[in-house]
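What follows is the residue order along each chain.
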Amino acid sequence: MYRKTTIVLAALLTGAASFPLQAADDVTLRLDWVNGGYHAVWYYAKDKGVFARNGINLTIREGRGSMTTSQTVGNKSDEFGTADGGAMMVLRSKGLKIKMVAGYLRTGPSALIYPKSKGWKSWKDVNNATIADSAGGNTIYLFKAVQKAMGLTGNKVVLVAPPAKVSSVLSGRADGTNSFGFLQKPIMESKGTPASYLSFADAGVNVPGLALVTHDEMIAGKKDLVRRMVAASVEALKIVQENPEAAIDSLLKVKSTLNRDVHLNILKSSFDLFDSAASKGKPLGYIPPADIENAQNLLVEYDQIKTKAPIGDYFTNEFIR
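Residues numbered from 1 in each chain as written. Predicted model: local features only at pLDDT ≥ 70, side-chain atom pairs only at ≥ 80, totals over all residues. Heavy atoms only, no water.

(A) Looking closely at helix H8 (residues 181-190). What H8 keeps buried is the set Gly-181, Phe-182, Leu-183, Gln-184, Pro-186 and Met-188. Buried positions along H8 lie against strand E5 (110-115), helix H7 (165-170), strand E8 (176-180), strand E9 (195-199) and helix H12 (260-270). A positive backbone phi angle near 95° is found at Gly-192, which sits one or two residues after H8. (Buried < 20%, exposed > 50% of the residue type's maximum accessible area, 1.4 Å probe, protein only. Helix = DSSP H or I, 4+ residues; strand = E, 2+ residues; numbered from the N terminus. Contact = heavy atoms within 4.5 Å.)

(B) Expanded view of the pairing of strand E4 (residues 98-103). A large share of E4 lies buried, amounting to six of its six residues. One ladder, built from five bridges, connects E4 with strand E10 (residues 210-215); its direction is antiparallel. Looking across to E10, one finds that Met-100 is bridged to Val-213. (Pairing = 2+ DSSP bridges.)

(C) Molecular detail of the confidence of the model for the protein chain. Confidence along the protein chain averages 92 in pLDDT terms, with 93% of residues attaining 70 or more. Here residues 1-20 is a poorly scored stretch, pLDDT under 50, and it has zero contacts once near neighbours within four places are set aside; other chains count. (pLDDT = per-residue confidence, 0-100.)

(D) View of the packing of helix H11 (residues 244-254) against H12. The interhelical angle for the contact between H11 and H12, taken along N-to-C directions, is 125°, at an axis separation of 10 Å. Between H11 and H12, the crossing angle belongs to the class labelled oblique. Here the hand of the crossing between H11 and H12 comes out right-handed. Residue-level contacts link Pro-244, Glu-245, Ala-247, Ile-248, Asp-249 and Leu-252 of H11 to Arg-260, His-263, Leu-264, Leu-267 and Lys-268 of H12. Among the residues forming the contact of H11 with H12, the class breakdown is six nonpolar, one polar and four charged. (Axes fitted to C-alpha atoms, helices over the stretch in contact; angles between N-to-C directions. Parallel < 35°, antiparallel > 145°, perpendicular 65-115°, else oblique. Left-handed = near helix turned anticlockwise from the far one by under 90°. Nonpolar A, V, L, I, M, F, W, Y, C, P; charged D, E, K, R; others polar.)

(E) The packing of aromatic side chains, seen in detail. Counted according to the given criterion, the structure contains 10 aromatic pairs. Grouping aromatic residues by their ring pairs yields a cluster made of Trp-42, Tyr-104, Phe-271 and Phe-274. A cation over a ring is seen here: Lys-282 above Tyr-286, with NZ or CZ 5.3 Å from the ring centre. (Phe/Tyr/Trp six-rings, centres within 6.5 Å; stacked < 30°, edge-to-face > 60°. Lys NZ or Arg CZ within 6 Å of the ring centre and 35° of its normal.)

The following block contains the structure:
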């Protein structure tokens, strides 16, 4: 009996060797921007084998802005991307066939960053100030919404190139700058200026931040792959919070010039945005319909979206478990 079992087992193993396991799917993920602390999520999960265990051979590519990332996913140059919810929604309204399939920064990261020496404690203090911003970004119109919501007056917005936002504040050309609060505060402080920020979301102006996006055809025709990618991404969001130090080590393997302390601070600060008020109690990755509805209302009010669409055009929670 033992010999027969051994022979059968050997035959099964030999047969299995003749039929290799199905190869992993090659997938690209285009980030929203050049590598920084909050992108450690993806590199750490890849190093830990999260994507491989889900049958995905992942290539991570740096981005040059959420609009560009949305377009590379929309033209199928990349299978997936991480893009700002507002930017993606605007392009979707113009015919780009992409959707959000998992929330990442479910509270919008836009904020007014400023030196603590300004003494601002709340939005009510921000009047008659010069604010640096950049043309083409969504903080231009979002700040208008904040001013309206908070009753602010006398503020002047000056346009600078994105890399010059912090330097314009440090040089005294501007009192503060509109950008990602969790990103720019540590950078400003690394240059010797204690800083703080006021969140646009705290003023009631919340357009969801980064989300995992993919093409409509992927959602319709490759559901299993999208499901596995979403599952891996949700696990990535979980494990990065458990060991941010190791996650930064993974990021530094691909971009060793980054200041470890600064970008570890950036990563940890981003965790506060993984949830929105409407996502409390929901699984990681879940996209609250109320957040999308509110975002579309805001985008229509400020003429970024011309005609309202059913909110299901912008996102799906089909793949969240």
